[in-house]
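Read off the chains here:
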Amino acid sequence: DSGVTQTPKHLITATGQRVTLRCSPRSGDLSVYWYQQSLDQGLQFLIQYYNGEERAKGNILERFSAQQFPDLHSELNLSSLELGDSALYFCASSAGGGQTYEQYFGPGTRLTVT
Amino acid sequence: KNQVEQSPQSLIILEGKNCTLQCNYTVSPFSNLRWYKQDTGRGPVSLTIMTFSENTKSNGRYTATLDADTKQSSLHITASQLSDSASYICVVIPHNTDKLIFGTGTRLQVFP
């Protein structure tokens, strides 16, 4: 158990809908990262927050947005969902925002868009 | 072309045997290279983290090596166990960025 929690574990929704994925980092960790893992692709970095502020952006679509709240939990919002958005979404946390900190991954949310 | 390529794509070995997984990268300069183990449907777990100046790092039966000149890394698994069945992912972090660049992984299956 990494100490990172994600909810829900599974999510099934229809195209065009909007969903929110939630992540609680390990106690004391200030940085949260979001990743997408599709069936035929490796892990893709989406976005990073550090202590409430956006710190780095990866291949995140404009239909997706994220935020980190004062209690450090984070939410990833996915809107106008398409079939291709079906994937595993992982959250990871680290103590600091720099590249030397180890990232601890949560169990993931499996999103199925029908 | 992926900046981090792994080989083989999949590998089957018998329990107790050793194996070596390869990672070739073009990311340069980079700050560190990591190997992760990912069980099916679960989040990756860190095995080793090496800075660009390190040549080798061990974690139990897992030993990672790094050759910055040839831009290659390998993960050697000794005396494999059934629980080693998983995907192994090589990750490179470019210098001055927090973005992780993931390889597509090697799927290892260990049979009794």
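Check the entry above for the structure.
Residues numbered from 1 in each chain as written. Chains lettered and ligands numbered in written order. Predicted model: local features only at pLDDT ≥ 70, side-chain atom pairs only at ≥ 80, totals over all residues. Heavy atoms only, no water.

Asks: Give a detailed account of the packing of aromatic side chains, specifying residues and quantitative values.
Replies: Within this structure, the stated rule accounts for nine aromatic pairs over all chains. An angle of 45 degrees between the planes, with centres 6.2 Å apart, marks the rings of Y62(B) and Y88(B) as tilted. You can see Y62(B) sitting in strand β7 (residues 62-67) and its partner Y88(B) sitting in strand β9 (residues 86-94), a full 26 residues away along the chain. Of the two residues examined, Y62(B) and Y88(B), each falls in the buried class. The structure contains a cluster of three or more aromatic residues connected by ring pairs, namely Y33(A), Y35(A), F45(A), F90(A), F105(A), Y36(B) and F102(B). The aromatic ring of Y104(A) is capped on one face by R26(A), whose charged end is 3.7 Å from the ring centroid. When the ring centre of Y62(B) is taken as reference, the NZ or CZ atom of R61(B) above it lies at 5.6 Å. (Phe/Tyr/Trp six-rings, centres within 6.5 Å; stacked < 30°, edge-to-face > 60°. Helix = DSSP H or I, 4+ residues; strand = E, 2+ residues; numbered from the N terminus. Buried < 20%, exposed > 50% of the residue type's maximum accessible area, 1.4 Å probe, protein only. Lys NZ or Arg CZ within 6 Å of the ring centre and 35° of its normal.)

Asks: Give me the lowdown on the pattern of salt bridges, citing residues and values where you can.
Replies: Residue and element names in this part refer to chain A. Under the defined criterion, the tally for this structure stands at five salt bridges over all chains. Among the salt bridges present, the one from D85 reaches R63, with a minimum N-O distance of 2.8 Å. Here the residue D85 occupies a position in the loop between β8 (74-78) and β9 (87-94), and R63 occupies one in the loop between β6 (53-57) and β7 (64-68), the gap between them amounting to 22 residues. Each member of the pair, D85 together with R63, is buried. In this structure, a network of salt bridges that share partners links the residues R63, E82 and D85. (Salt bridge = Lys/Arg side-chain N within 4 Å of Asp/Glu carboxyl O.)

Asks: Please set out the state of the cysteines residue by residue, giving values where relevant.
Replies: Residues and elements named next belong to chain B. Applying the stated criterion to the full structure yields two disulfides over all chains. Each sulfur in the disulfide pair C23 and C90 lies 2.1 Å from the other. Judged by the sign of its S-S torsion, about -65 degrees, the bond between C23 and C90 is left-handed. Separated by 67 residues along the polypeptide, C23 in strand β3 (residues 19-25) and C90 in strand β9 bring together distant segments of the chain. The exposure class of C23 is buried, given its relative accessible area of 0%. You can see C19 has no disulfide; the closest cysteine sulfur is in C90, sitting 15 Å from it. For C19, a relative accessible area of 6% gives the class buried. (Disulfide = S-S within 2.5 Å.)

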